[in-house]
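Chain by chain, the residues:
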Amino acid sequence: MADEESARTPPLGSGLSAVLDSVLEQARPTDGGEVAGYIPELADEDPEQLGIALASVRGAVHEAGDSDAEFTIQSVSKPFVFALALEQSGLAAITRHVGLEPSGEPFNAISLEERTGRPLNPMINAGAIVCSSLIRGDDAAAKSGVIEAGLSAFAGRTLDVDEAVLASEAATGDRNRALAHLARAAGTLASTAAVATDAYFRQCSVNVTARDLAVMAATLAAGGVNPVTRERVVSEDVARWTTAVMTSCGMYDASGEWLVRVGLPAKSGVGGGIAALQPEQFGIGTFSPRLDARGNSVRGIAMLEELSERHGLHMLEHRAAPLSPIGEISVGGDGSASAGDDVVALLRGDLTFGNAEEVLTRLQPLLESGRHLTLDFSAVTRVGEPAARIFRWAAQAMGDAADGRPRLELRDPDGVIGA
């Protein structure tokens, strides 16, 4: 009987798939746009394919539509290869070759800084080609091996290359070769133009699905740890830097409008994919081949606009004030003769920099009154390192009272604030 009941009851998580399916069907009638015909192999894509997936930072994946349809990653590879370059060489070294500023120009524009010769950012073709040249390896094959292994680690499965698309990319890639030669002449390309463009064409020809893009984006959202495999792919710093550049530059010359309307860090590709994320929450992958004049998926944008507006996903959305991090304040809890002077504040939830400020500001009068204050972290689930540093500093700065006892103690049975 129990088995029959469970068979009739859909999994609770299927509610998320229903949300995605609703958003997908809302976007399906959206017309306009064309497939990327300037790359012959992409011109043969079925323009009506439509898929979406969402991966949480806890590893759950929800899907709707053609979420398992394969297509080539194209420019959605750019933030992930940028991340691999950052992980390998660090921010200072990489930014000697490529800038971090929005170009306000199409993805294939000649955007090099006059003074430095750097491409303006790693999300446009010129900057992405420079990033490919910076990947470790003496030739295109070696660089491509590192890039494909890295993209596979982001996706949580082994990705392969569409050789037909690769050949088509190479046959029609003269503008990208020109960009590489310009960067080489300016001194910012780290290899020959041929090596850089061969590696770049190959990374763009890697096959993915909307599900893969969701997991890849969720890896950045989770601070560089793949939420499905639990493998650390890049450091927290690299994930944060990459997400920042996606926010300002990921949708090319539509990035400002995208940030206003959708408000999620994202990257598009002419294969029809978009990867988007909400830091610390989820990654989203969409697929629909028809593109607008800027090279962004028409129905992918429609799905993400609808999802963000309907469910309040904008990263700058104003949300109601959460519960106070101070759950309970008790006086004289231990029954000792001096207990009347002791105060215990039970803290709760996830504590951030702002929470630490609230706790110490609200409880400062107790310390000024000469009481002994204990902050009890036993009901706290997580403390961000900036907040932990503030609490540790406050405990050290308070010193001892006249009776020799610490004026501020931290009760931390689970070690959430560290040493």
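Residue positions within a chain follow its written sequence, with the count starting from 1. With the structure being a predicted model, the display of local features is reserved for residues of pLDDT at least 70 and the display and counting of side-chain atom pairs for 80 or more, all residues being used for whole-chain, interface and lining totals. Values shown for side chains rest on all heavy atoms present in the structure; no hydrogens or waters enter the calculation.

## Remarks on the packing of aromatic side chains
- Aromatic pairing here means that ring centres of Phe, Tyr or Trp (its six-membered ring) are within 6.5 Å. Orientation follows from the plane angle: under 30 degrees is stacked, over 60 is edge-to-face, and everything else is tilted. Applying the stated criterion across every chain yields a total of 4 aromatic pairs.
- Their ring planes at 0° and their centres at 4.1 Å tell us that phenylalanine 71 and phenylalanine 287 sit as a pair that is stacked. Taken as a pair, phenylalanine 71 in strand β3 (residues 71-72) and phenylalanine 287 in strand β7 (residues 282-287) lie far apart in primary sequence, 216 residues in all. An identical accessibility class is assigned to phenylalanine 71 and phenylalanine 287; each is buried. The way it works is that DSSP assigns letters per residue, a run of H or I at least four long becomes a helix, a run of E at least two long becomes a strand, and they are numbered from the N terminus. Note on classification: 1.4 Å probe, protein chains only; a residue is buried when its accessible area is under 20% of the maximum for its type, exposed when over 50%, partly exposed between these limits.

## Some remarks on the side chain of serine 191
- Looking at the element boundaries, serine 191 is found in the loop between α8 (174-186) and α9 (193-204).
- Two N or O atoms form a polar contact when they lie within 3.5 Å of each other; inside protein one atom must be a possible hydrogen donor and the other a possible acceptor, and for residues adjacent in sequence the pair counts only when both atoms belong to side chains. Of note is the side chain of serine 191, whose polar atom sits 3.5 Å from the backbone nitrogen of alanine 196.
- We call two residues in contact when some of their heavy atoms are within 4.5 Å. In this view, serine 191 contacts Ser133, Lys143, Arg184 and Ala196; residues no more than four positions away in its chain are not counted.

## Concerning the sheet that holds strand β5 (residues 266-268)
- Judged by pairing direction, the sheet is antiparallel, and its 5 strands sit side by side in the order β2-β1-β7-β6-β5 without closing on themselves. If you trace the sheet from one side to the other, it starts and ends with β2 (61-65) and β5, each paired once. Pairs of neighbouring strands in the sheet enclose a mean axial angle of 10°, with direction left out of account.
- For strand β1 (residues 51-56) and β7, the ladder comprises 6 bridges, and the chain directions are antiparallel. Paired with serine 56 across the two strands is phenylalanine 282, which belongs to β7. Only strands that DSSP links by at least two bridges are regarded as paired with each other. Simply put, an axis is a line fit to the C-alpha atoms, just over the touching stretch for a helix, and the angle between two N-to-C directions goes from 0 to 180 degrees.

## Digging into the pairing of strand β6 (residues 273-278)
- The element β6 is extensively covered by neighbouring structure, given that 6 of its 6 residues are classed as buried.
- Residues Gly273, Ala275 and Leu277 point to one face of β6 and Ile274, Ala276 and Gln278 to the other, with burial holding for every one of them.
- As paired strands, β5 and β6 are joined by 3 bridges and run antiparallel to one another. Within the sheet, the bridge partner assigned to alanine 266 lies in β6 and is alanine 276.
- Here β5 folds back onto β6 in antiparallel fashion, the turn holding 4 residues, of which glycine 272 has a positive phi close to 105°.

## Section: the UniProt feature "binding site: substrate" (unreviewed entry) in the protein chain
- As recorded in UniProt, the feature "binding site: substrate" (unreviewed entry) lies at Ser75, Asn125, Glu169, Asn176, Tyr200, Tyr252 and Val270.
- Along the polypeptide, tyrosine 200 turns up in helix α9.
- Here tyrosine 200 is in contact with Ser75, Lys78, Asn125, Ala128, Ile129, Ser132 and Asn176, once residues within four sequence places are set aside.
- Residue position: valine 270 is located in the loop between β5 and β6. UniProt positions are given in the numbering used here, feature names are shortened, and annotations may be inferred rather than shown by experiment.

## Some remarks on the sheet that holds strand β10 (residues 372-383)
- Pairing is mixed across the open sheet formed by 4 strands, whose spatial order is β8-β9-β10-β11. The sheet is open, and its two borders are formed by β8 (326-331) and β11 (408-411), each paired with just one other strand. In this sheet, neighbouring strand axes are inclined to one another by 20° on average, regardless of whether the strands run parallel or antiparallel.
- The pairing of β8 with strand β9 (residues 342-351) spans 5 bridges and is antiparallel. When the sheet's bridge partners are listed, isoleucine 326 is paired in β9 with leucine 347.
- Contacts from helix α14 (residues 353-368) reach β8, β9, β10 and β11 within the one sheet, and its direction differs from that of β10 by about 165°.

## Notes on the nonpolar core
- Of all hydrophobic cores here, the largest spans 57 residues; its most connected members are Leu151, Phe154, Leu189, Leu213 and Met216.
- For this core, the secondary structure elements donating two or more residues are α3 (77-89), α5 (125-134), α6 (140-155), α8, α9, α10 (210-221), α11 (236-249) and β6.
- The biggest single contributor to this core is α3, with 7 residues.
- Each residue touching methionine 216, except ones within four places of it in the same chain, is listed here: Ile73, Phe80, Leu151, Phe154 and Ala155.
- Working definition of a nonpolar core: buried Ala, Val, Leu, Ile, Met, Phe, Trp, Tyr and Cys residues. They are joined through side-chain atoms within 4.5 Å. In terms of nonpolar packing, the next biggest core, distinct from the first, is built from 23 residues, Leu24, Leu264, Ala276 and Ile284 among them.

## Here's the deal with the environment of arginine 389
- Relative to the assigned elements, arginine 389 resides in helix α15 (residues 385-398).
- Residues arginine 389 and glutamate 45, spaced 344 residues apart in sequence, show a C-alpha to C-alpha distance of 53 Å.

## Description of the packing of α5 against α9
- Orientation of α5 relative to α9, taken along the N-to-C sense of each, is 105°, at an axis distance of 8 Å. Judged on the interaxial angle alone, α9 and α5 are roughly perpendicular. For the pair α5 and α9, the contacting residues are Asn125, Ala128, Ile129, Ser132 and Ser133 in the first and Ala196, Thr197, Ala199, Tyr200 and Gln203 in the second.
- Under the convention adopted here, Pro, Cys and the residues Ala, Val, Leu, Ile, Met, Phe, Trp and Tyr are nonpolar, Asp, Glu, Lys and Arg are charged, and Gly plus all remaining residues are polar. Residue composition of the contact of α5 with α9, by class: 5 nonpolar, 5 polar and no charged. Small angles under 35 degrees read as roughly parallel and large ones over 145 as roughly antiparallel, with 65 to 115 read as roughly perpendicular and the rest as oblique.

## Remarks on the domain arrangement of the protein chain
- As used throughout, domain bounds are those supplied by an automatic or database domain assignment. In terms of domain boundaries, the protein chain breaks down into domain 1 (14-311) and domain 2 (326-411).
- Placing a centre on the C-alpha atoms of domain 1 and another on those of domain 2 gives a separation of 46 Å.

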